[in-house]
Amino acid sequence: MTMSARPSLYEPLARLFAEGHARDIPDLLSDAAFAREGRATPAAVLIAITDVPDDPQVILTQRPRGMRDHPGQVAFPGGKIDPGEDAVTAALREAEEELALPREAVRVIGTSDLYHTGTGFIVTPVVGVVPPDLDLKPDPVEVADWFEAPLTMLLDPTSWTANEVFWRGATRRYLEMDWQGFRIWGVTAAIIANLARRIAVEGLRDAA
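Residues numbered from 1 in each chain as written. Predicted model: local features only at pLDDT ≥ 70, side-chain atom pairs only at ≥ 80, totals over all residues. Heavy atoms only, no water.

Caption draft 1: Broad picture of the packing of aromatic side chains. Applying the stated rule across the entire model yields 2 aromatic pairs. Relative to Phe182, the ring of Phe147 lies with its centre 3.9 Å away and its plane at 10 degrees, an arrangement referred to as stacked. Pair noted here: Phe147 is in strand 8 (residues 145-150) and Phe182 is in strand 11 (residues 182-185), with a separation of 35 residues, a long-range link. Among the residues examined, Phe147 registers a relative accessible area of 6% and is labelled buried. For Phe182, a relative accessible area of 13% puts it in the buried group. (Phe/Tyr/Trp six-rings, centres within 6.5 Å; stacked < 30°, edge-to-face > 60°. Helix = DSSP H or I, 4+ residues; strand = E, 2+ residues; numbered from the N terminus. Buried < 20%, exposed > 50% of the residue type's maximum accessible area, 1.4 Å probe, protein only.)

Caption draft 2: Expanded view of the pattern of salt bridges. This model, assessed by the stated rule, comprises 10 salt bridges. Between Arg93 and Asp82 there is a salt bridge; the shortest N-O distance is 3.4 Å. Of this pair, Arg93 sits in helix 2 (residues 87-99) while Asp82 sits in the loop between strand 4 (78-80) and helix 2; the two residues are 11 residues apart in sequence, bridging distant segments of the chain. Judged by relative accessible area, which is 10%, Arg93 ranks as buried. With relative accessibility at 36%, the residue Asp82 sits in the partly exposed group. Across the pair Glu96 and Arg103 runs a salt bridge whose closest N-O atoms are separated by 2.7 Å. Note on Glu96: relative accessible area 27%, which makes it partly exposed. Each of Asp82, Glu85, Arg93, Glu94 and Glu97 takes part in a single network of salt bridges with overlapping partners. (Salt bridge = Lys/Arg side-chain N within 4 Å of Asp/Glu carboxyl O.)

Caption draft 3: Structural detail: helix 1 (residues 10-21). For helix 1, with 12 residues, the first-to-last C-alpha span of 16 Å sits near the 16 Å given by 1.5 Å per residue. Those residues of helix 1 that fall on the buried side of the exposure criterion are Pro12, Leu13, Leu16, Phe17 and Gly20. In a view along the axis of helix 1, the buried residues occupy a sector of 135 degrees, so they form one face of it. (Expected span 1.5 Å × (residues − 1). Arc of directions from axis to C-beta.)

Caption draft 4: View of the side chain of Thr188. Structurally, Thr188 is set in helix 4 (residues 186-196). Filtering out sequence-adjacent residues up to four positions away, Thr188 remains in contact with Leu60, Val74, Ala75 and Phe76. (Contact = heavy atoms within 4.5 Å.)

Caption draft 5: Fine view of the pairing of strand 7 (residues 121-130). Burial analysis of strand 7 places 9 of its 10 residues in the buried class, which makes it a mostly covered element. As paired strands, strand 1 (residues 41-50) and strand 7 are joined by 10 bridges and run parallel to one another. Its bridge partner being in strand 7, Ile47 is matched across the sheet by Val127. For strand 5 (residues 107-111) and strand 7, the ladder comprises 4 bridges, and the chain directions are antiparallel. (Pairing = 2+ DSSP bridges.)

Taken by themselves, the reported measurements are silent on function.
Written as structure tokens, this is what we have:
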């Protein structure tokens with residue numbers, strides 16, 4: 001099969017995304033109850049999915065341990081929304097700054113559910129499809145490492161372990177998994193769990 005004839009993940013994923021976001025889904029995960037008073041900073045992240053229909057991967061980063069917010073944690077490329085930007089523009093800019101991921105290489109599908117972090121960020125996830133095997137170059141100031149994880153694994157609820165911790169005067173429940181030595185948990189895991197309620201992993205497998 002030639003490269004031009006290879007089927008794209010974009011169309012079936014966009015259909016599943018639209019169908020999932022047309023439904024009213026209650027009880028999506030949020031850490032709003034733990035947020036510090038007075039801080040509600042708009043932010044955006046890019047959920048970049050490689051255009052490989054039979055085995056799509058999600059690009060994830062590990063933050064440097066010296067960062068102020070979420071040090072050392074696995075994250076999506078992203079950050080604060082600058083004045084005059086919308087969430088899509090911010091997510092694409094941040095991915096380009098952090099990983100040299102060309103913004104023109106991203107076929108944006110749409111924005112998913114807002115996530116309010118316990119550190120006071122209101123995060124808009126931006127879902128997009130990117131070509132596989134991009135020549136990514138992480139900025140060491142913002143990215144300690146980067147890796148890919150299978151989308152079907154991330155969207156499968158059975159892949160995750162549920163835990164809880166006493167934090168800021170209350171019990172906080174969270175999801176986590178270990179993938180090739182990387183611990184995926186916290187905000188990133190919660191955003192994935194919410195997306196999994198919008199995009200059923202069974203539908204994604206059927207689309208492959």
